[in-house]
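Structure assessment
One letter stands for each residue in the lines below.
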Amino acid sequence: MTDRTRSGWTKRRLMATGAAALGTLAAGEVAAQPRRRRSNPASSAAGGAPIYKDPHAAIEARVADLLGRMTLDEKIAQITTVWRQKPQIFDDAFNFDPAKFASVYPVGIGHMARPTDRQGYNNPNVPNSRTPRETVELVNAVQRYHVEHTRLGVPVLFHEEALHGHAARDATSFPQAIALASTWDPALHERIFTVVAREVRARGVQLVLAPVVDICRDPRWGRIEETYGEDPYLCGEMGVACVKGFQGETLPLAPDRVFATLKHMTGHGQPESGTNVGPAPYSVRYLRENFFPPFEQVVKRTNIRSVMASYNEIDGVPSHANHWLLHDVLRGEFGFKGAVISDYFAIEDLARLHHIEPDYASAAIRALRAGVDCDEPNGDCFLTLADSVRAGRVREEEIDVAVRRMLEIKFLSGMFEQPYADADHAELITDNDEARALAAEAARKAVVLLKNDNALPLSADRLRTLAVIGPSAAITRIGGYSNVPRRKISILEGVRAKVGSRVNVVTAEGVRLTEGDPEGDWGRDTNVLTDPAVNRRLIAEAVRVSRRADQIVLCFGGSSSESREGWSDNHLGDRDSLALLGQQEGLFAALAELGKPIIVVLINGRPQSLSPFILERANAIVEGWYLGQETGTAMADILFGDANPGGKLPVTIARNVGQLPDFYDHKPSARRGYLFESAAPLFPFGFGLSYTTFEIDAPRLSRTQIGVGESVEVSVSVRNTGARAGDEVVQLYIHDLVSSVTRPVLELKGFERVTLQAGETKTVRFALTPEHLRFWNIDMQRVVEPGEFDVMAGPNSIDLKSTRLTVV
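Now for the overall build of the protein chain. On a plain count of helices and strands, the protein chain comes out with 24 helices and 25 strands. In terms of overall size, the protein chain behaves like a compact globule, its C-alpha atoms giving a radius of gyration of 27 Å where 808 residues would be expected to give roughly 28 Å. Each of the three principal axes of the protein chain carries a C-alpha extent, and together these read 80 × 65 × 50 Å. Counting over 808 residues, the protein chain shows a buried share of 64%. Expressed as a percentage of contacts within the protein chain between residues at least 6 apart in sequence, the contacts between residues at least 24 apart total 77%. Positive and negative side-chain charges of the protein chain, numbering 92 and 102 respectively, have mean locations separated by a distance of 1 Å.

This is the structure:
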């Protein structure tokens, strides 16, 4: 979702407010009571209370009862959202003002975006983040008004961002999504989002807009950091774990759980030219084989109740207008039972950007009929639906379908029974010791060791002076969809805490990536590269500081200012290069002339294409991505050997943009080669080293021949052949040797991260089922074709051992 700030239409958007659509009251006047519809006498429970207020009644009956009591305007309120309208309903101190609210929203609201911000995103004149207590106070005030002073007493649904932690002040910041994918550890992932859910729900919020299960196959796209990488199977497994963490596995939700939202259906992660919201020019077969599977897995294996449509078009049809995608596939084939919510301003985009409708009213009808149930963040399009009903352009029964789905989320969340939050509890559990320890564990497990010429681990006993240099040395970069956590530990701070007085740790910035905030501002529109003259001075200072060091830890990569969501023409976030930004190559070259060992630590959101000089000259290369608030704690543990790196790449790292698209599961005819350059990637999918060594045997099959509807057990033995404990990720791949349509050269079908002591052996077992072997044949039927399959296992997508399986 995005925060659009295009000057050409901001004013028009703000004009279409609830006041215009729902009428106004004089300031201070209590909301008028709309004319009641006659209700069925049977719609009241024993004692005269409405069925919808009976916690023991079936959810379906409660929804039907409440819906039957609603006026048209009350229904529209349930499928629209309040965000930028906050100044109209808050007082000068940014607190909820019941009198102002009643004058703008006489029938109340159904949905509010981001209660943790004060006025809607991107207001530079307002300190925008509320503390946990302030958020609870706002939520409770809004809920109290709706429960006690609106006709039906329907509480408000609140949503927040929680991609890698609650994107709110003081909340625990975990590693960014692409870093969490590098753990290859779904169980850890579920634990993380159980904690995130607890922190979010404690502030009175019931819905989060996460996770992103788009596969990403273009690293130029600035949103790649929000994804779990390039592989459908890995994205699906991590997505399932995330949703289970957020929601648990039972409904209604437990009081410390929240509803998740799958994003973004679909084609979003491989946009044309690598630019955000670009077209997804892919065939139905490509969608079904690559983009659909993660969504299908989550829908079928969890109780997911919210899916967000994507900005892009597929074959000329934007997703928010794609009935086939949202109805036939999502609801029909996958069996999705929840609500489809719009990405921010995406329904407006049907008229403004895609030009498939002439105005917002027509765009609203188109989206509603395609299967979109809620208009975010301001409801400007769906607020026109009441007039469209009265004009005969759309039937009220069509509105009812969307309202029913949104009401079901409310009932299943438990908010009718407990709409209020406890500020003391929110402060107590936010970023507590358990959360911090888990954030540190996740950060350690996310680190990927890409190269090591015995330079790592470092030994404090063998160092007199260590230089920690670079634009990410003294800054803790935590990535997009974040806020300000209670603490952030930089790599410099982590190293100094680790070595204490034993080692003299010196530092210098070395290079500044962009002007302004050196951390890189994800939300700032302007983005200017630092003057090379400034960087030349910074490089000279880094060289001076490093001359007396025994070794150099060079922390560079990217920032949130140059790799981010490009949500408008004046807020870009995609790049046409994968090379290091600015003068970082020059910084490395200058330090290399000192002749000292250099350990490169990459802190970034997108994969970086390192130059041959850095690849050859660096003594070690560590990929950290964005590791969250405990970045320095975890990286110091890795650098000094108190933790053994075991992460694996969830993406292929290309040598340069000329290799794009570059992903491991390509077709046999792809990657023939280039003149004067290798077609091999810089680092392959699934790759990652350790301070110990492992040996993975060829897979063993319980049966070498099975029928098309049968399964087989695959056993893989892995041994720690080194001198210290460590983690290995055993990866299982298949290849269909002959098929009716072309198949990838490799397909990931299983993985397991195991911890082994020195000399220890474990056997990992996988079930290879018809679901893993099937594909869409020449007639677009999903089948398992008889034939031979190579079943392969190894530590990455390159170093594999295989055996043969025959399907008859």
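Following the structure, the description resumes.
Counting residues in hydrophobic clusters, the biggest one holds 138 residues, and the most contacted among them are Phe 246 and Leu 385. Element by element, the count of residues in this core is highest for helix α16 (residues 396-413), at 8 residues. In this structure Leu 385 touches Ile 76, Ile 79, Ala 364, Ile 365, Leu 368, Val 394 and Ile 399, once residues within four positions along its chain are discounted.

Before going further, it helps to examine unusual backbone geometry. Going from Met 265 to Thr 266, the amide bond is cis rather than trans, its omega being -5°. Tracing the backbone shows Thr 266 in the loop between β4 (262-265) and α11 (284-301). Backbone torsion omega between Leu 456 and Pro 457 reads 0°, so that peptide bond is classified as cis. Counting through the fold element by element, Pro 457 comes out in the loop between β9 (448-452) and β10 (465-469).

Each packed pair of helices is defined by two parameters, the angle between the axes and the distance between the axes. Taken N-terminus to C-terminus, the directions of helix α10 (residues 232-247) and α11 make an angle of 25°; their axes are 8 Å apart at the nearest point. Accordingly, the angle class assigned to the pair α10 and α11 is roughly parallel. Regarding α10 and α11, the two cross each other, and that crossing is right-handed. Facing Pro 232, Cys 235, Gly 236, Glu 237, Gly 239, Val 240, Val 243 and Lys 244 of α10, the residues of α11 in contact are Glu 289, Asn 290, Pro 293, Pro 294, Gln 297, Val 298 and Arg 301.

On to the sheet that holds strand β5 (residues 306-309), then. Taking strand neighbours across the sheet as the criterion, the 3 strands line up as β4-β5-β8 in an open arrangement whose pairing is parallel. Because the sheet does not close on itself, it has two edges, and the strands there are β4 and β8 (339-341). Sheet twist, expressed as the average angle between the axes of neighbouring strands with direction ignored, equals 35°. Direction of pairing for β5 relative to β8: parallel, over a ladder of 3 bridges. Counterpart to Met 308 in the pairing with β8 is Ile 341.

Let's shift gears to the packing of aromatic side chains. By the definition in use, this model includes 23 aromatic pairs. Three or more aromatic residues joined by ring pairs form one cluster here, namely Trp 184, Tyr 233, Tyr 664, Phe 685, Tyr 733 and Phe 751. Of note, Arg 144 hangs over the ring of Tyr 420, and the distance from its end group to the ring centre comes to 5.1 Å. Lying across the ring of Phe 663, Arg 671 places its NZ or CZ 5.1 Å from the centre.

Attention now moves to the side chain of Glu 160. In this fold, Glu 160 is placed in strand β2 (residues 157-160). In this structure Glu 160 is buried but unpaired, with Arg 114 as the nearest side chain of opposite charge at 5.6 Å. Once residues lying within four places of it in the same chain are set aside, the contact partners of Glu 160 are Arg 114, Pro 115, Thr 116, His 166, Ala 167, Val 205, Leu 207, Val 208 and Leu 209.

Read from one edge to the other, the open sheet built from 5 strands follows the order β17-β25-β24-β19-β20, with strand pairing classed as mixed. Looking at the sheet topology across the chains shown, the edges are occupied by β17 (705-706) and β20 (747-756). Examined bridge by bridge, β17 and strand β25 (residues 801-807) share 2 bridges and lie parallel to one another. Bridged to Gln 705 within β25 is Thr 806.

We now examine the packing of α11 against helix α12 (residues 323-333). Where α11 meets α12, the axes come as close as 11 Å, and the angle between the chain directions of the two elements is 50°. For the element pair α11 / α12, the angle class is oblique. The element α11 and its partner α12 pack so that their crossing is right-handed. For the pair α11 and α12, contact is made by Val 284, Leu 287, Arg 288, Phe 292, Val 299 and Lys 300 and by Trp 324, Leu 325, Val 329, Leu 330 and Glu 333, respectively. Across the contact of α11 with α12, the residue classes tally to 8 nonpolar, no polar and 3 charged.

For helix α21 (residues 584-592), every residue scored as buried is listed here: Gln 584, Leu 587, Phe 588, Ala 590, Leu 591 and Ala 592. Those residues of α21 that are buried are in contact with β10, α20 (532-546), β12 (551-557), β13 (598-603) and α22 (612-617).

Further remarks concern α20. Taking 1.5 Å per residue as the helical rise, α20 with its 15 residues ought to reach 21 Å, and the 21 Å between its terminal C-alpha atoms agrees with that figure. Looking at the buried side of α20, the elements it contacts are β10, β11 (504-508), β12 and α21. Regarding α20, its N-cap is Asp 531, as a side-chain oxygen of that residue lies 2.9 Å from the backbone nitrogen of Ala 533 further along.

Here the focus is the environment of Asp 349. By the secondary structure assignment, Asp 349 is in helix α13 (residues 346-352). Along the chain, Asp 349 and Thr 465 lie 116 residues apart, while their C-alpha atoms are 56 Å from each other.

Right, let's talk about the pairing of strand β24 (residues 787-794) for a bit. Most of β24 sits inside the fold, with 7 of its 8 residues counted as buried. Bridge analysis of strand β19 (residues 726-736) against β24 gives 6 bridges, and the strand direction is antiparallel. Residue pairing across strands places Gln 731 opposite Gly 794, the latter belonging to β24. Examined bridge by bridge, β24 and β25 share 7 bridges and lie antiparallel to one another. The residue bridging Ala 793 from the neighbouring strand is Lys 801, located in β25. What sits between the antiparallel neighbours β24 and β25 is a turn of 6 residues.

Moving on: the pairing of β2. The alternating pattern of β2 places Leu 157 and His 159 on one face and Phe 158 and Glu 160 on the opposite face, and all of these are buried. Here 2 bridges tie β2 to strand β3 (residues 207-208), and the two strands are oriented parallel to one another. Looking across to β3, one finds that His 159 is bridged to Leu 207.

Here Asn 644 lies in the loop between α23 (631-639) and β15 (694-696). In this structure Asn 644 comes out as buried when scored by relative accessible area, which is 13%. Among the polar contacts listed, one links the side chain of Asn 644 to the backbone nitrogen of Tyr 691, at a separation of 2.9 Å. Excluding anything up to four places from it in sequence, Asn 644 contacts Ile 638, Ser 690, Tyr 691, Thr 692, Arg 724, Ala 725 and Gly 726.

Attention now moves to the pattern of salt bridges. A complete count under the given rule lists 59 salt bridges for this structure. Among the salt bridges present, the one from Asp 349 reaches Arg 352, with a minimum N-O distance of 2.2 Å. Pair noted here: Asp 349 and Arg 352 are both in helix α13, with a separation of 3 residues, about one helical turn. Arg 352 shares its class with Asp 349; the two are buried. We note a salt bridge from Glu 509 to Arg 512, for which the minimum N-O separation is 2.8 Å. Residue class for Glu 509 comes out partly exposed when judged on its relative accessible area of 24%. Three or more residues are tied together by salt bridges with common partners; here these are Asp 185, Arg 191, Glu 441 and Lys 445.

Analysis parameters
Residues numbered from 1 in each chain as written. Predicted model: local features only at pLDDT ≥ 70, side-chain atom pairs only at ≥ 80, totals over all residues. Heavy atoms only, no water. Helix = DSSP H or I, 4+ residues; strand = E, 2+ residues; numbered from the N terminus. Rg over C-alpha atoms; globule rule 2.2 N^0.38 Å. Buried < 20%, exposed > 50% of the residue type's maximum accessible area, 1.4 Å probe, protein only. Contact = heavy atoms within 4.5 Å. Lys, Arg positive; Asp, Glu negative; His and termini not counted. Charge placed at Lys NZ, Arg CZ, Asp CG, Glu CD. Core = buried A, V, L, I, M, F, W, Y, C linked by side-chain atoms within 4.5 Å. Axes fitted to C-alpha atoms, helices over the stretch in contact; angles between N-to-C directions. Parallel < 35°, antiparallel > 145°, perpendicular 65-115°, else oblique. Left-handed = near helix turned anticlockwise from the far one by under 90°. Pairing = 2+ DSSP bridges. Phe/Tyr/Trp six-rings, centres within 6.5 Å; stacked < 30°, edge-to-face > 60°. Lys NZ or Arg CZ within 6 Å of the ring centre and 35° of its normal. Salt bridge = Lys/Arg side-chain N within 4 Å of Asp/Glu carboxyl O. Nonpolar A, V, L, I, M, F, W, Y, C, P; charged D, E, K, R; others polar. Expected span 1.5 Å × (residues − 1). Polar contact = N/O pair within 3.5 Å; in protein donor to acceptor, adjacent residues only side chain to side chain.

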